[in-house]
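# Observations on the three-dimensional arrangement
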Amino acid sequence: VEEENYYFRLAENKDWLLGLLASRPDLVTPAFRQLELKNAVEKLTGDLCISRPKSRLAWGIELPFDPDFVTYVWFDALINYISFVGYGSDERFDRLWPADYHVIGKDILVPAHGVYWLIMLHAMGFADEAIPNLLVHGYINLGGDKVSKSLGNVVDPLALADKFGAGALRYYLMREAVTGQDMEFSEERLIIRYNSDLANGLGNLLNRTLNMTARYRQGSLKRPASSPLEAAAVEAIRLYHQAFSRNEPHAAMEAASGLVVRCNTFIEETTPWKLAKDPDRSAELDEVLYGLAEGLRILAILYAPVLPDASAAMMQQLGITSVQDSSHLAWGGLPDGHLLGTPVPLFPRIEQTEAAP
């Protein structure tokens with residue numbers, strides 16, 4: 001079958017795209033996907049057919065320069081990314097969107113987004129520095145198979161949120177999904193992760209700290225000159241920021257979880273219930289209680305991107321109303337004499353029987 005169609009010149013931009021990949025080694029995340037794209041570009045030949053005659057495909061978007069043809073994939077789909085924000089209607093338009101990354105699945109990196117899309121932007125006149133970074137994620141698998149509509153093995157996230165809570169589902173996905181890799185979904189694993197990290201970990205730490213401070217100090221904190229937990233908090237914040245700068249939310253949550261473990265271990269090491277019985281160790285008890293409360297304030301901030309509702313509830317229970325105290329990550333945000341609030345369980349345990357068979 002032969003017919004006339006319009007083509008977009010890809011091959012003549014091959015060297016430009018290879019140069020862009022060489023000059024921006026972090027253009028595609030994770031790094032092995034950039035290598036995959038480079039290898040594909042090196043093999044690039046020919047151009048991209050972008051139209052079909054309207055006589056046999058009437059439903060497409062008409063080409064603005066030829067009413068007898070409609071735009072065809074992938075050209076029409078990719079233009080949607082900028083047409084919906086008004087590209088072409090304002091001469092000052094020099095940025096795609098405020099996000100730093102264009103998030104896509106691994107199956108549409110080559111050739112659609114890694115080759116067609118980037119060359120299209122270049123051809124439209126976007127400067128190299130305006131070309132968006134691509135963040136490429138893997139698949140979610142269920143029983144070893146990719147979750148897909150065609151297989152009919154889709155898990156409804158709304159149903160999961162109703163069953164386990166939106167926070168539990170969001171935390172599980174952010175904590176378990178490694179950037180760029182496939183993820184095996186499991187309700188059983190969701191429950192284990194939730195109970196371990198949130199119910200037994202963060203929630204238990206919050207309840208113990210508030211209860212002990214209420215019992216031993218009527219909820220009032222005394223700010224010490226230093227705390228053994230400060231170094232652990234500073235390190236957790238460092239790892240957290242590094243993880244997000246690498247687009248690794250799972251590692252950021254791991255850093256926060258590590259601080260939770262350290263704080264819970266600190267309780268067992270210092271035994272505040274014993275310190276409370278010894279008047280000579282009163283200052284030591286104050287140091288322990290302040291360190292735990294300040295650690296929780298920092299943890300509420302670290303968990304906020306993934307658990308916004310729980311983070312806000314933690315701040316309320318910690319008696320924090322100041323916007324600065326609820327966003328300032330440096331150690332020592334809680335003032336001397338600060339009053340903690342009343343503990344309310346945030347992460348009730350999920351029993352295994354609640355999961356689907």
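Small disclaimer: the values here were computed from a predicted structure and weren't measured.

### Description of the side chain of E294
Note that E294 resides in helix α11 (residues 282-303). Taking the relative accessible area as the measure of exposure, E294 reaches 0% and is therefore buried. With residues near it in sequence (within four places) discarded, E294 still touches A330, W331, G332, G333 and L334.

### Considering the sheet that holds strand β6 (residues 66-71)
Hydrogen bonds between backbone atoms are what pair the strands of a sheet, whose relative direction is either parallel or antiparallel. Across the sheet, which stays open at both edges, the 3 strands sit in the order β4-β6-β5 with antiparallel pairing between neighbours. Two strands close off the open sheet at either side, each with one partner strand: β4 (51-53) and β5 (62-63).

### Quick look at the sheet that holds strand β10 (residues 145-146)
Taken in spatial order, the 3 strands of this open sheet run β10-β9-β11, and their pairing is mixed. Strands with a single pairing partner mark the edges of an open sheet, and in this sheet they are β10 and β11 (183-184). Judged from the 2 bridges that link them, strand β9 (residues 140-142) and β10 form a sheet pairing that is antiparallel. Note on β10: the bridge partner recorded for N141 is K146.

### Digging into the pattern of salt bridges
For the structure on display, the rule yields 18 salt bridges. Between R217 and D286 there is a salt bridge, with the nearest N and O atoms lying 2.6 Å from each other. Highlighted residues: R217 in helix α7 (residues 187-217) and D286 in helix α11, separated in sequence by 69 residues. Measuring nitrogen to oxygen at the nearest pair gives 3.2 Å for the salt bridge that ties R262 to E269. With a relative accessible area of 27%, R262 lands in the partly exposed category. Each member of the salt-bridge network shares a partner with another, and the members are R175, E176, R189, R193 and D197.

### Remarks on the pairing of β6
The pairing of β4 with β6 spans 3 bridges and is antiparallel. Considered in β6, the bridge of P53 is made with F69. Between β5 and β6, which pair antiparallel and follow one another directly, the connecting turn spans 2 residues.

### Concerning helix α8 (residues 230-245)
Two residues of an α-helix separated by three or four positions point the same way, owing to the 3.6 residues in each turn. For α8, which comprises 16 residues, the first-to-last C-alpha distance of 23 Å matches the rise-based estimate of 22 Å (1.5 Å per residue) to within 8%. Turning to α8, its buried residues number three or more, namely A233, A236, I237, Y240 and A243. Here the buried residues of α8 occupy an arc of 130° about the axis, which is enough to place them on one side. In α8, the exposed residues that point more than 90 degrees away from the buried face are A231 and S245. Buried residues along α8 sit against α9 (249-270) and α11.

### A look at the nonpolar core
With 63 residues, the main nonpolar core has L202, L292, L299 and Y303 as its most contacted residues. Here the element with the most residues in this core is α11; it accounts for 13 residues. The residues contacting L292, other than those within four sequence positions of it, are L205, T209, M212, L229, C263, F266 and I267. L20, I50, L109 and V136 belong to the second largest nonpolar core, which has 29 residues in total.

Rules used throughout
- Residues numbered from 1 in each chain as written.
- Predicted model: local features only at pLDDT ≥ 70, side-chain atom pairs only at ≥ 80, totals over all residues.
- Heavy atoms only, no water.
- Helix = DSSP H or I, 4+ residues; strand = E, 2+ residues; numbered from the N terminus.
- Buried < 20%, exposed > 50% of the residue type's maximum accessible area, 1.4 Å probe, protein only.
- Contact = heavy atoms within 4.5 Å.
- Pairing = 2+ DSSP bridges.
- Salt bridge = Lys/Arg side-chain N within 4 Å of Asp/Glu carboxyl O.
- Expected span 1.5 Å × (residues − 1).
- Arc of directions from axis to C-beta.
- Core = buried A, V, L, I, M, F, W, Y, C linked by side-chain atoms within 4.5 Å.

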